[in-house]
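Remarks on the overall topology
The chain contents come next:
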Amino acid sequence: MPRQQRGLCQLASLAERKNELAALCRMVAAGKNGSGGIAFVSGVAGSGKTALQVEAARWAAGQGVATVTVSCSPLERNVPLTVIRQVFDALPMGTERAGRLGELLAEGARADADGAAKDLTPDHARVAEGLWEHLLAFSERTPVVLLLDDAQNSDVISLLYLLYFARRMRSARVSMVLAETDGLPPRFPLLRAEIMRLPGLNHIRTGLLSPVGVAELLADRIGAEKAVLMGTGYYDISGGSPLLLHALLGDLDDSAPPARGHREPVVGEHFAQAVAACLGRSGPMTREAAQWVALLGDSTGKELLAECLGTSRDTAHRLLRMLDSVGLTGGGRFRHPAAAAAVMDRIAEPERAGMQLRVARMLYDAGAPATEVASRLLGSARETEPGTERAQWEVSVLREAADRALTDNRVEEAIAWLRQAHRLCADRSERGAILFRLARIQWRHSPMAALRCLDQMTKPFVQERYGTPYTLLLVRYLLRSGRHQEAQEILHRLHRDADSLPEEVCAELRLLEMWLAVTFPSVAERFPYDQSLVVRRSGPVTGRDELQWQATRLLVGVLGGGADSGFISEVEQALRLYHVAEATVEPLAMGLSAMIFADRLDSAGSWCTTLMAEAESVDAPAWRATLAALRAEIAVRQGDLGHAVRLAARALKDVDAEGWGVEIGSPLSTLVLAHVAMGRTEEAGAWLQLPAAAGRHHGSRFALQYRYARAHHHLAADRPHAALRDFVDCGALMRRWSLDAPGLALWRVGAAEALLRLGDHTRAKALMDEQWALLAGNRTGRSAGIALRLCAAVARPEQRPTLLRQSAEILQGCGDRYELARTMADLADAHEAVGESARARHASRKALRLAQACGAAGIVSRLRPAQSAEPAAADEVRAPRSAASPAAVPADPINELSRAESKVAALASMGYSNREIGDRLHVTISTVEQHLTRVYRKLNVNSREDLPTAGLQPMVPC
């Protein structure tokens, strides 16, 4: 082989095409020596046929051979002799011969005037002979090679003449290379059949590159080292198609510098254009098959494809193999999403919508899952008229798919499907059901979006009789958004038409009225009912309402004073059987609120933590925000102030202030109370200035919580008059609404504290006497512990230590470190007032440690002067222990204490003497001393001053 040929065969752009190029070069060389030949190059679109011809032409030109390259176009396939004209126009025949050639071509055109020629007629044979003589005469001076690309697009007469020439080339200096794309119906079947019979034919097939060939091609462009690393990725996307590979390299060249350093191929516009070009060259049937494969996706199969194309399964199977052979698909699936997208983008929108609808119906008839069918229907939204028979089955499928999507936590898909179902549905009742279902789902993400979704239904509900269960759901949503007037209009209409309402709606109306009484009591005033009767009755028997009924009964009972400890425990256990879900999150939140207001904080905290963990796996920010706000409220009541702030802030992050609506009073009140307790008065005030806070929760339970928190902020800011006004107003509303429950808001305690700062000891004592009387049914809970601290404040000095120790005993059992720190600080002052300095120092140290542990800076600053007055030696000895948090005491040593030891240790840590402990526990002083000795040993402490105040077994269950 000549030197130039060897160099040519080493071109990287013709990876794995060296042998094919060598064969063409040998044929051209033989033709130069008078033994012309013909080569037939076939292969799928994009397999490198054109590149092979270009390189062969370049080599031939270098050998002094006249090369004529013609690319046959489908636009000229019906123009007679268009290819032959290009062949002879490219050869420098001279003026005389050019004139004769023009006459021959004109004669050939006249011979095919009707365009019906399928073989050589005598007239055509005469023209072909004349053209061959001119070509032969030219080749005697200069050898000729004819290269025809995409021969399947040639006009028929030109193909007949070329076949005439091919039969006579063996003894001439003329060679010919014909390239044709596989998979296309032949323009002139006789041509291929006749050519294949020619002696000495060179039949060359160009296939896809192997992974080795891909790496070889890449090495020339990006270097051998990168080619090894990236070759697999390029092969997986292109399937070895040279056309697609060069497009990917073009995208790499056009990409930003950082992308070029990545190991993954860059897929961009060049690749999309190459996909379109590949299909354009593969014929209409292959292109249509590719479109259906892109639409079918993972559902692609020869049965479905055959139905889509309206053809046989064998034909569908052949087309799938064709798509695999051009490198676009593998196993009937597109190798890369960008390829499928490129195919889809070139389908007109109306046509694509119709195709999507057809696919959806076929999948539906084949029993495909509703979610798969619904995903197709989204693309056919404009193809179906609402109310038609076709729309009915679409609505059914879309609703079923939305339910299944929610089960799989695919909320956005469920919303999209329900929106389309609502658009297609013509039945008024069903449209309402779909709309409310959509609103309930949207509530997970944005309560405001849900309310706006329902806006279009509000007017019909207000103005017309619309007695469906969804009416009451709309009332709840309107109230939460602060639109009380509209909600009340709907309720008035329902009450007016109560006799004609279905029993199910009446039952839900009674349930709603119970909920109103403890959530929106200002609205409930207009629709009174007997609370005690409601608490006792069993409620609706439908499974759908049972959880809501139980939770509402519990909250009504706790806030209305109609629930004893046994009732609370019974309902709580029932509620614990449920998990977080769309239908359960609201009643579960109500149940948690009831447990909080009942001072069952440990149980509520454990329960809430479990529910929060469940909600983390669900795409429902509003659910997480609700539970976080409740957990924050629990934390602030347990003195875990930092945790309360983080949780409440998280609740406002998951759902913004506008989205919370009326219920924003819950997280806001927690934030204010926590910051006040931590001594951050300005930060608490900033939360009170939040625009959404002002007036949004008027007339609701959340208004009470907000006003109560604001009153505490006034106290912290040294505004006792403003605090007193808020506490008293809060109390007036609680009494008016029959919600005067200590667990909701200890307004009398707050008012008494404000009165004491104003010097009105008499009124403060009256309020505390009233508060203590109201606690007669439960004097062991957190509310009682807090109340006892203020009872001590209005009592005689000699009575205060006893009352405060009782308060500390209760609060320690309940786990409220902040309120316990306040009590211990007051106890230190009380001991000091009666001359018991040692006990005062002991209580002060305990208070300081508790205040430091929960971040109560105000208490810390109050106690610091007293601590600094202690002897320096004592400070040096006890500083390491005083600085430690009670939580630093290992849990295991405390658990090693017996019940009796724990009781003794708890009382000793609060300042009780051994004699007082013995009297309370009805044991001898010697027994108390023995218990304390064992306690010191187990906890590794030296004296009662070092005993932890928190973590010890409570004296009385809380």
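1. Thoughts on the pairing of strand β2 (residues 66-71)
Judged by which residues are buried, β2 turns out to be one-sided: Ala 66, Val 68 and Val 70 face inward and are buried, whereas Thr 67, Thr 69 and Ser 71, on the alternate face, are not. Pairing of β2 with strand β3 (residues 144-149), which is carried by six bridges, proceeds in the parallel orientation. Its bridge partner being in β3, Val 70 is matched across the sheet by Leu 148.

2. Here we look at unusual backbone geometry
A negative phi angle characterises most non-glycine residues, just as the trans form characterises most peptide bonds. Phi at Asp 599 takes a positive value of approximately 65°, unusual for a residue other than glycine. Topologically, Asp 599 is positioned in the loop between α31 (585-597) and α32 (601-615). The buried category is assigned to Asp 599, whose relative accessible area is 6%. For Ser 738, which is not glycine, the phi torsion reads 60° and is therefore positive. With respect to the helices, strands and loops of the structure, Ser 738 is situated in the loop between α39 (720-736) and α40 (747-757). Residue Ser 738 is classed as partly exposed on the basis of its relative accessible area of 40%.

3. Remarks on the packing of helix α18 (residues 349-365) against helix α19 (residues 370-377)
For the pair α18 and α19, interaxial distance at closest approach is 8 Å and the crossing angle is 165°. With respect to α19, the axis of α18 lies roughly antiparallel. Viewed along their axes, α18 and α19 form a crossing whose handedness is left-handed. Across from Gln 356, Leu 357, Val 359, Ala 360, Leu 363 and Tyr 364 in α18, the residues of α19 making contact are Glu 372, Val 373, Arg 376 and Leu 377. Residues of the contact of α18 with α19, tallied by class, amount to seven nonpolar, one polar and two charged.

4. Description of the nonpolar core
Core analysis: the biggest nonpolar cluster contains 241 residues, and Tyr 234, Val 275, Phe 334, Leu 516 and Leu 554 have the highest contact counts within it. Top contributing element to this core by residue count: helix α33 (residues 621-637), with 11 residues. Once you skip the residues sitting within four places of it in the chain, Leu 554 turns out to touch Phe 567, Ile 568, Val 571, Leu 575, Gly 591, Ala 594 and Met 595.

5. Side note on the packing of aromatic side chains
Throughout the structure, instances matching the rule amount to six aromatic pairs. Taken together, a centroid distance of 4.8 Å and an interplanar angle of 35° make the contact between Tyr 364 and Trp 393 tilted. Highlighted residues: Tyr 364 in helix α18 and Trp 393 in helix α20 (residues 389-407), separated in sequence by 29 residues. Note on Trp 393: relative accessible area 11%, which makes it buried. Taken together, the aromatic side chains of Phe 88, Trp 132 and Phe 165 make up a single cluster linked through ring pairs. Here the basic side chain of Arg 335 rests over the ring of Tyr 235, its NZ or CZ set 6.0 Å away from the ring centre.

Thresholds, definitions, all that
Residues numbered from 1 in each chain as written. Predicted model: local features only at pLDDT ≥ 70, side-chain atom pairs only at ≥ 80, totals over all residues. Heavy atoms only, no water. Buried < 20%, exposed > 50% of the residue type's maximum accessible area, 1.4 Å probe, protein only. Helix = DSSP H or I, 4+ residues; strand = E, 2+ residues; numbered from the N terminus. Pairing = 2+ DSSP bridges. Axes fitted to C-alpha atoms, helices over the stretch in contact; angles between N-to-C directions. Parallel < 35°, antiparallel > 145°, perpendicular 65-115°, else oblique. Left-handed = near helix turned anticlockwise from the far one by under 90°. Contact = heavy atoms within 4.5 Å. Nonpolar A, V, L, I, M, F, W, Y, C, P; charged D, E, K, R; others polar. Core = buried A, V, L, I, M, F, W, Y, C linked by side-chain atoms within 4.5 Å. Phe/Tyr/Trp six-rings, centres within 6.5 Å; stacked < 30°, edge-to-face > 60°. Lys NZ or Arg CZ within 6 Å of the ring centre and 35° of its normal.

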